Amino acid sequence: MTKLTIVAFDGTRHDLDVENGSTVMENAVRNSVPGIEAECGGACACATCHVYVDDAWAAAVGAPEAMEEDMLDFAYDVRPTSRLSCQIKISEALDGLVVHVPERQA
């Protein structure tokens, strides 16, 4: 199992043990993390699973692909480390990943 921490907007930390190959969004929904709406179910079609990747993890997670970049145009308060959590696939290389949920989704 890989460690994933999702920090809700109010500062509540959700420390999760997750399976490699799953996405940050799937794990947020499965564990009822507030602020991740995931209206499209992970199809990269809605921007309601927007998160901020912790600065320490930005390089490891990498930049969004073109389709995700287009969807981020609809997200609330986009920052340099903004990603759609449905597009971040968990792997051993991301063990310990920390992401932050924005104040609200678009």
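In this text the structure is predicted, and so the values were computed from the model without any measurement.

Peer 1: Honestly, the side chain of histidine 14 in this entry has me stumped. Any pointers?
Peer 2: Looking at the element boundaries, histidine 14 is found in strand 2 (residues 13–18). Contacts of histidine 14, omitting those with residues within four sequence positions, involve Leu4, Thr5, Ile6, Ala8, Val33 and Pro34.

Peer 1: When you look at the nonpolar core in this model, what are you seeing that I'm missing?
Peer 2: Soluble globular proteins: nonpolar side chains tend toward being buried together. In terms of nonpolar packing, the biggest core is built from 30 residues, with Leu4, Ile6, Val24, Ile36, Leu84, Ile88 and Leu97 touching the most fellow members. Those elements that provide at least two residues to this core are strand 1 (2–7), strand 2, helix 1 (24–30), strand 3 (50–53), helix 3 (66–72) and strand 5 (97–100). Excluding anything up to four places from it in sequence, isoleucine 6 contacts Thr12, Arg13, His14, Leu16, Val24, Ala28, Val33, Val99 and Val101.

Peer 1: Would you take a moment to explain the sheet that holds strand 2 for this structure?
Peer 2: Think of a sheet as strands paired side by side through backbone hydrogen bonds, with each pair either parallel or antiparallel. Strand order across the open sheet formed by five strands is 2-1-5-3-4, with mixed pairing between neighbours. With one partner strand each, in any of the chains shown, strand 2 and strand 4 (82–84) form the two edges of the open sheet. Recorded for the sheet is a direction-independent mean angle of 35° between the axes of neighbouring strands. Where strand 3 and strand 5 come together, two bridges link them in antiparallel fashion. Along strand 5, the bridge assignment pairs valine 53 with valine 99.

Peer 1: Can you help me understand the pairing of strand 2 in this one?
Peer 2: Walk down a regular strand and you will see the side chains alternate between the two sheet faces. By the alternation rule, side chains of strand 2 split into His14, Leu16 and Val18, which are all buried, and Arg13, Asp15 and Asp17, of which none is buried. When strand 1 meets strand 2, the two strands line up antiparallel, connected through six bridges. Each residue of the ladder has a partner; that of leucine 4, found in strand 2, is leucine 16. Between the antiparallel neighbours strand 1 and strand 2 lie five residues, among them glycine 11 with a positive phi of about 95°.

Peer 1: Would you take a moment to explain the environment of glutamate 19 for this structure?
Peer 2: With respect to the helices and strands, the residue glutamate 19 is situated in the loop between strand 2 and helix 1. The exposure class assigned to glutamate 19 is exposed, which follows from its relative accessible area of 53%. C-alpha of glutamate 19 to C-alpha of isoleucine 90: the two residues are 71 residues apart in sequence and 7.1 Å apart in space.

Peer 1: I'm lost on the environment of isoleucine 36 in this one. Help?
Peer 2: Considering the arrangement of structural elements, one finds isoleucine 36 in the loop between helix 1 and strand 3. Exposure remark for isoleucine 36: the relative accessible area of 9% places this residue in the buried category. Linking isoleucine 36 and methionine 25, residues eleven residues apart in sequence, is a C-alpha distance of 7.3 Å. When sequence neighbours within four positions are dropped, the list of residues in contact with isoleucine 36 reads Met25, Ala28, Val29, Thr48, Cys49, His50, Val51, Ser85, Val101 and Gln105.

Rules of the game
- Residues numbered from 1 in each chain as written.
- Predicted model: local features only at pLDDT ≥ 70, side-chain atom pairs only at ≥ 80, totals over all residues.
- Heavy atoms only, no water.
- Helix = DSSP H or I, 4+ residues; strand = E, 2+ residues; numbered from the N terminus.
- Contact = heavy atoms within 4.5 Å.
- Core = buried A, V, L, I, M, F, W, Y, C linked by side-chain atoms within 4.5 Å.
- Buried < 20%, exposed > 50% of the residue type's maximum accessible area, 1.4 Å probe, protein only.
- Pairing = 2+ DSSP bridges.
- Axes fitted to C-alpha atoms, helices over the stretch in contact; angles between N-to-C directions.

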